[in-house]
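So the chains spell out like this:
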Amino acid sequence: MIKVFRRWIDRYFSDEEALLLLLLITAVLLVIITLGKVLAPFLTAIVLAYLLQGTMNYCKRRGLGHLGATILVFMLFVGVLMLLLLIILPATWQQLTQFFYELPRMASKGQELLMLLPQQYPDLVSVDQVKVWTKQIGDELASVGQFAVSFSITGITGVMAVLIYCVLVPILVFFLLKDSDQILSWCTAFLPQRRQLLNRIWSEMDVQIANYIRGKVLEIVIVGGVTYVAFLILGVNYAALLAIAVGLSVLVPYIGAAVVTIPIALVGYVQWGWTNDFIWLMVVYGIIQALDGNVLVPLLFSEVVNLHPVAIIVAVLVFGGLWGFWGVFFAIPLATLFKAVLQAWPDNRVSDSDCV
């Protein structure tokens, strides 16, 4: 047994860089797990600065200096942030409030629809089953109401947190963009001079993660924007709220689109019933999802991510359970990083005679 364990150690951990990489990954995970909430503004600023780095490089290639590119990109970032805070979020919040107010009426409509099932399909659905489902819907509505009350009570704390983010994050983003070279030089000074393994993994993952994150942000904007315009043309209630839900659903492949279909169908049925308008709503939503999956995703991510669907779903479940929204957002990049580390990990095979 000792010989087998020694052979395994010599195979995977005889390289000093492999041990260094393992220590770095462990240290980063421990910092995020233990200090994630405290460092949340800083981590958010790092993500945003990383997203804006591509625009910075584009401005530099067009002849702008580092400081000029920093100021231009930062002003664009502040403009988008103000648009989000002053226009998009208030409209979405108003529709969300109206949605919670209309939720009991939507639930009663759904219960009426369920009561018709025993008459239409007596062999498949019984009255007792419908009563059980109705009770479950009532319990869920009660829990949603409790959540809404608790959320409104803690609203002041949430507003203060938003204000802190609105002040700290832009400041941190500006200095991370302005002094990125100095910060990277300071961080790499603590690493050993011989780091071929780290450089290889970083050069590979820098391209893949950056392209994935920027592509995912672009996909959210395109899918959400197209959905909002389509729902406005169709006259759907809560168009902005539903469009944001559809846009964010692309973060969870294979699952998000199926989950967000439920509120869209519920809103459409309560608004129109079984009419042609409801059918057109579902057809348009299906076309948007089909174009996203068959045109937009291959166009944006054709050479970025090569993961099995099972690996993607497991990554979303694991990282989403650990870090919530950000875990879901970075699930695929983290899974890709894990895969790249495994592929680049030194494999020093030794013979049985070497272990004697």
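- In the nomenclature of an unreviewed UniProt entry, the protein chain is known as AI-2E family transporter of Thalassolituus hydrocarboniclasticus.
- Per its UniProt entry, the protein chain bears the Sequence similarities (unreviewed entry) comment "Belongs to the autoinducer-2 exporter (AI-2E) (TC 2.A.86) family."
- Note on the protein chain: under the UniProt heading Subcellular location (unreviewed entry), the record states "Cell membrane".

## What about the overall build of the protein chain?
Item 1. Within the protein chain one finds 14 helices and 0 strands.
Item 2. Along the protein chain, helices (α) and strands (β) appear in the sequence α-α-α-α-α-α-α-α-α-α-α-α-α-α when read from the amino end.
Item 3. When burial is assessed residue by residue, the protein chain has 31% of its 356 residues classed as buried.
Item 4. Restricting the contact set of the protein chain to residue pairs at least 6 apart, pairs at least 24 apart contribute 73%.
Item 5. Per element, the accessible surface of the protein chain, about 22200 Å² overall, is 71% carbon and sulfur.

## Thoughts on the packing of aromatic side chains
Item 1. For the structure shown, the criterion picks out 5 aromatic pairs.
Item 2. Each residue in the set Phe74, Phe77, Phe174 and Phe175 is aromatic and connected to the rest through ring pairs, giving one cluster.

## Describing the side chain of Thr70
Item 1. Within the secondary structure, Thr70 sits in helix 4 (residues 66–115).
Item 2. With near-sequence residues (within four places) excluded, Thr70 lies in contact with Met56, Phe174, Leu177 and Lys178.

## Re the pattern of salt bridges
Item 1. In this structure the tally under the stated criterion is 2 salt bridges.
Item 2. Of the charged contacts, one joins Lys178 and Asp179 as a salt bridge, the two residues approaching to 3.3 Å between their closest N and O atoms.
Item 3. Among the residues examined, Lys178 registers a relative accessible area of 30% and is labelled partly exposed.
Item 4. Here Glu219 makes a salt bridge to Lys216, at a shortest N to O gap of 3.0 Å. Within this pair, Glu219 and its partner Lys216 are both found in helix 9 (residues 196–234), separated by 3 residues, close to a single helical turn.
Item 5. A relative accessible area of 2% places Glu219 in the buried class.
Item 6. Judged by its relative accessible area of 5%, Lys216 is buried.

## What about the UniProt feature "transmembrane region" (unreviewed entry) in the protein chain?
Item 1. Mapped onto this numbering, the UniProt entry annotates "transmembrane region" (unreviewed entry) at residues 20–52, 64–89, 151–177, 217–236, 242–266, 278–301 and 307–332.
Item 2. Between the C-alpha atoms that bound residues 20–52 there is a distance of 29 Å. The span itself is 88% helix and 0% strand.
Item 3. For residues 64–89, helix accounts for 92% and strand for 0%, while the C-alpha atoms at its two ends are 33 Å apart.

## Some details on the environment of Val267
Item 1. Following the sequence through the fold, Val267 ends up in helix 11 (residues 256–272).
Item 2. The class of Val267 is buried, set by a relative accessible area of 2%.
Item 3. In this view, Val267 contacts Phe99, Met106, Val236, Asn237, Tyr238 and Leu242; residues no more than four positions away in its chain are not counted.

## Observations regarding a nonpolar patch on the surface
Item 1. On the surface, Met82, Leu83, Leu84, Leu86, Ile87, Ile88, Leu89, Ile244 and Leu248 cluster together into a nonpolar patch covering about 760 Å² of accessible area.
Item 2. Breaking the nonpolar patch down by element, the ones donating at least two residues are helix 4 and helix 10 (239–249).
Item 3. Ranked by residue count, the leading element in the nonpolar patch is helix 4, at 7 residues.
Item 4. Tracing the chain through its elements places Ile244 in helix 10.
Item 5. Residue Ile244 is classed as partly exposed on the basis of its relative accessible area, which comes to 32%.

## A look at the confidence of the model for the protein chain
Item 1. Confidence in the prediction for the protein chain averages 76 pLDDT; 79% of positions are at 70 or higher.
Item 2. Within the protein chain, helix 6 (residues 127–153) has the poorest average pLDDT of any element, 62, and helix 10 the best, 88.
Item 3. Here residues 151–157 is a poorly scored stretch, pLDDT under 50, and it has 1 contact once near neighbours within four places are set aside; other chains count.
Item 4. Counting contacts from residues 350–356, a segment whose pLDDT is below 50, to residues more than four positions away or on other chains yields 7 contacts.

## Regarding helix 3 (residues 40–61)
Item 1. The terminal C-alpha atoms of helix 3, which comprises 22 residues, lie 32 Å apart, in line with the 32 Å expected from a rise of 1.5 Å per residue.
Item 2. Within helix 3, the axis deviates most sharply at Gln53, by approximately 35 degrees.
Item 3. Within the span of helix 3, buried status applies to Ala40, Pro41, Thr44, Ala45, Val47, Ala49, Leu51, Leu52, Gln53, Met56 and Cys59.

## What to know about the packing of helix 10 against helix 11
Item 1. With their axes 9 Å apart at the nearest point, helix 10 and helix 11 run at an angle of 165 degrees to one another. In this view, helix 10 runs roughly antiparallel relative to helix 11, as classed from their interaxial angle. When the axes of helix 10 and helix 11 are compared, the crossing they make is left-handed. Two secondary-structure elements touch here, helix 10 through Leu242, Ala245, Val246 and Ser249 and helix 11 through Gly256, Ala257, Val260, Pro263, Ile264 and Val267.

## Some details on the side chain of Thr227
Item 1. Note that Thr227 resides in helix 9.
Item 2. In this structure, Thr227 is in contact with Ala243, Val246 and Ile288, ignoring residues within four places of it in sequence.

Conventions we followed
- Residues numbered from 1 in each chain as written.
- Predicted model: local features only at pLDDT ≥ 70, side-chain atom pairs only at ≥ 80, totals over all residues.
- Heavy atoms only, no water.
- UniProt positions renumbered as here; feature names shortened; annotations may be inferred.
- Helix = DSSP H or I, 4+ residues; strand = E, 2+ residues; numbered from the N terminus.
- Buried < 20%, exposed > 50% of the residue type's maximum accessible area, 1.4 Å probe, protein only.
- Contact = heavy atoms within 4.5 Å.
- Areas by Shrake-Rupley, 256 points an atom, 1.4 Å probe, with all protein chains shown as cover.
- Phe/Tyr/Trp six-rings, centres within 6.5 Å; stacked < 30°, edge-to-face > 60°.
- Salt bridge = Lys/Arg side-chain N within 4 Å of Asp/Glu carboxyl O.
- Patch = residues over 30% accessible without salt bridge, like charges linked within 9 Å, V, L, I, M, F, W, Y side chains within 5 Å.
- pLDDT = per-residue confidence, 0-100.
- Expected span 1.5 Å × (residues − 1).
- Bend = angle between axes of the 7 residues up to and from the residue.
- Axes fitted to C-alpha atoms, helices over the stretch in contact; angles between N-to-C directions.
- Parallel < 35°, antiparallel > 145°, perpendicular 65-115°, else oblique.
- Left-handed = near helix turned anticlockwise from the far one by under 90°.

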